[in-house]
Amino acid sequence: AAGAAVVASHAFGLGWQWAGATLGALGLAARAYHRNVVTPAGAVVVAAACMATLGCSLRFGVVALAYAYSSHKLRQFKEARQAGDVAAMRQPQQLLPRDWPEVLSAAAVPTVLAVAYGAMAGCLDLPLGSLPAVEPWRADLLTLLQGSVLGWYACCCGDAWSCELGELSGDRPRLLTTLQAVRRGTHGAVTLLGLSGAAAGGLLVGLLFHSAAVLSPTLWVFEVQVRGCGWLAG
C-alpha cells in the first residue's frame, strides 16, 4: 500500500511527488533503524539519499531500494546458511548495523547524479534518447545521467549478490584471466554461483528500471502529450 501511494503521488504534480518521496524516505529510514539495519547516523543518510533519489525520479528510487533490500536479505540468508541453522534461515538475522560512511559510499554518487537529472528534467521520468522540443545535447545528457544511475546500481547489486552467493559456493574459485583454481579470497577469482549471482543482480535492476518506467505516471503524461501533438500535427 505504501509503495502504491508513492507511485500515485507522482501523478499529482511536484508538490505531491516530493511529499510522497519525503514520507516514504522517512518511513524507510525509521524501519531500517528499528530493525537495526543502520545506525542513527546511517538512518539520516538513508532518509536524505532516498528522498532526493525518489523525488527526482521514480525509476531511480525503485532501483536504489531494490539494491538495498535485496543485498540485505541475501546477507541475512548467507549468515544463516553458513551457521548451518535451517530454522534461522526463516528468521531475520541480527547483523551489524551499517554506519553513515558505509551508506554514503554506496549512495553518494548516484544521489548526486539523480539530483543533476532532476534539475535538468524537472523531476520527471523522461524517455531515453532523443526528445521532441528538447535540444539534442540536453537529451543526450539526460540519457547519460539515467544510464549512469542505472549502471551504478546494477554494478552494486551485481557485486553484492556475487559476494553473498559466492561465499556459499562449494567450488574453488577460478581466475577470470587463466581459469586457474585458486584459494578463496583471491582477487579476480570467481565461482559459477557468484558469477551467476552478479548477472542476476544486474538483470534485476535493469528489469525494475524498465518496470518503473512503465508504471511512472509522469512518463505516461509525457508520452500522451507527445502522441497528442503528433496527431494534431498529422
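Let me begin by describing the structure that accompanies this report. Please read these numbers as outputs of a predicted model, since none were measured by experiment.

1. Observations concerning the overall build of the chain
- Across its full length, the chain holds 8 helices and 2 strands.
- When the 234 residues of the chain are sorted by exposure, 38% land in the buried category.
- Considering only contacts within the chain whose residues lie at least 6 apart along the sequence, 66% involve residues at least 24 apart.
- Taken as a whole, the chain presents about 13,000 Å² of accessible surface, with 68% of it coming from carbon and sulfur.

2. Some points on the layout of surface pockets
- Looking at the second largest pocket, its volume works out to about 330 Å³.
- Together, 14 residues line the second largest pocket, and Ser162, Gly166, Glu167, Gly185 and Ala189 are the ones closest to its centre.
- Secondary-structure elements contributing two or more residues to the lining of the second largest pocket are α6 (136-166), β2 (189-190) and α7 (192-215).
- Per element, the largest residue contribution to the lining of the second largest pocket is 3 residues, and it comes from α6.

3. Quick notes on the packing of aromatic side chains
- For the structure on display, the rule yields 2 aromatic pairs.
- Seen in terms of ring centroids, Phe60 and Tyr117 are 5.2 Å apart; in terms of plane orientation they differ by 65°. Their pairing is edge-to-face. Placement of Phe60 in helix α4 (residues 58-83) and of Tyr117 in helix α5 (residues 100-121) is noted, with a sequence separation of 57 residues between them.
- Relative to Tyr153, the ring of Tyr67 has its centre 6.0 Å away and its plane inclined at 45°; by these criteria the two rings are tilted.

4. What to know about the state of the cysteines
- This model, assessed by the stated rule, comprises 0 disulfides.
- Unpaired in this structure, Cys156 has its nearest cysteine sulfur neighbour in Cys155, at a distance of 7.0 Å.
- The closest cysteine sulfur to the non-disulfide-bonded Cys157 is located on Cys156, 8.6 Å from its own sulfur.
- Of the residues examined, Cys157 reaches a relative accessible area of 0% and is grouped as buried.

5. Considering a nonpolar patch on the surface
- Together, Trp137, Leu141 and Leu144 make up a nonpolar patch on the protein surface, roughly 310 Å² of accessible area in all.
- If you trace the backbone, Leu144 turns up in helix α6.
- Judged by relative accessible area, which is 52%, Leu144 ranks as exposed.

6. Regarding the pattern of salt bridges
- Summed over all chains, the structure comprises 5 salt bridges.
- Lys78 is the salt-bridge partner of Glu164, the closest N and O atoms lying 3.0 Å from each other. In this pair, Glu164 sits in helix α6 while Lys78 sits in helix α4, placing the two residues 86 residues apart along the sequence. Just as Glu164 is buried, Lys78 falls in that class too.
- With its nearest N and O atoms 3.5 Å apart, the salt bridge here joins Arg138 to Glu135.

7. Some points on the environment of Gln17
- With respect to the helices and strands, the residue Gln17 is situated in helix α2 (residues 14-34).
- Separated by 40 residues in sequence, Gln17 and Ser57 place their C-alpha atoms 9.4 Å apart.
- Once you skip the residues sitting within four places of it in the chain, Gln17 turns out to touch Ser9, His10, Gly55, Cys56, Cys123 and Thr218.

8. Some details on the nonpolar core
- Counting residues in each nonpolar core, the largest one holds 23 residues, and the members touching the most others are Phe60, Tyr67, Tyr117, Leu126, Leu142 and Tyr153.
- Counting residues per element, the ones that place at least two in this core are α4, α5, α6 and α7.
- If you tally residues by element for this core, the top one is α6, at 10 residues.
- Setting aside anything within four residues of it in sequence, one finds Tyr117 in contact with Cys56, Ser57, Arg59, Phe60, Leu124, Asp125, Leu126, Leu142, Leu145 and Gln146.

9. A few points about the side chain of Gln146
- Residue position: Gln146 is located in helix α6.
- A distance of 2.6 Å separates polar atoms of two side chains, one belonging to Gln146 and the other to Arg59.
- Setting aside its immediate chain neighbours within four residues, Gln146 contacts Arg59, Phe60, Tyr117, Leu126, Pro127, Leu128 and Phe209.

10. Overview of helix α3 (residues 40-56)
- The terminal C-alpha atoms of α3, which comprises 17 residues, lie 25 Å apart, in line with the 24 Å expected from a rise of 1.5 Å per residue.
- Of the residues making up α3, those classed as buried are Gly42, Ala43, Val45, Val46, Ala47, Ala49, Cys50, Ala52, Thr53, Leu54, Gly55 and Cys56.

About the criteria used
Residues numbered from 1 in each chain as written. Predicted model: local features only at pLDDT ≥ 70, side-chain atom pairs only at ≥ 80, totals over all residues. Heavy atoms only, no water. Helix = DSSP H or I, 4+ residues; strand = E, 2+ residues; numbered from the N terminus. Buried < 20%, exposed > 50% of the residue type's maximum accessible area, 1.4 Å probe, protein only. Contact = heavy atoms within 4.5 Å. Areas by Shrake-Rupley, 256 points an atom, 1.4 Å probe, with all protein chains shown as cover. 1 Å grid on protein atoms, 1.4 Å probe; cavity = no way out; pocket = protein on both sides within 12 Å on 5 of 7 lines; lining within 4 Å. Points joined across faces, edges and corners; volume = space filled by probe spheres on them. Phe/Tyr/Trp six-rings, centres within 6.5 Å; stacked < 30°, edge-to-face > 60°. Disulfide = S-S within 2.5 Å. Patch = residues over 30% accessible without salt bridge, like charges linked within 9 Å, V, L, I, M, F, W, Y side chains within 5 Å. Salt bridge = Lys/Arg side-chain N within 4 Å of Asp/Glu carboxyl O. Core = buried A, V, L, I, M, F, W, Y, C linked by side-chain atoms within 4.5 Å. Polar contact = N/O pair within 3.5 Å; in protein donor to acceptor, adjacent residues only side chain to side chain. Expected span 1.5 Å × (residues − 1).

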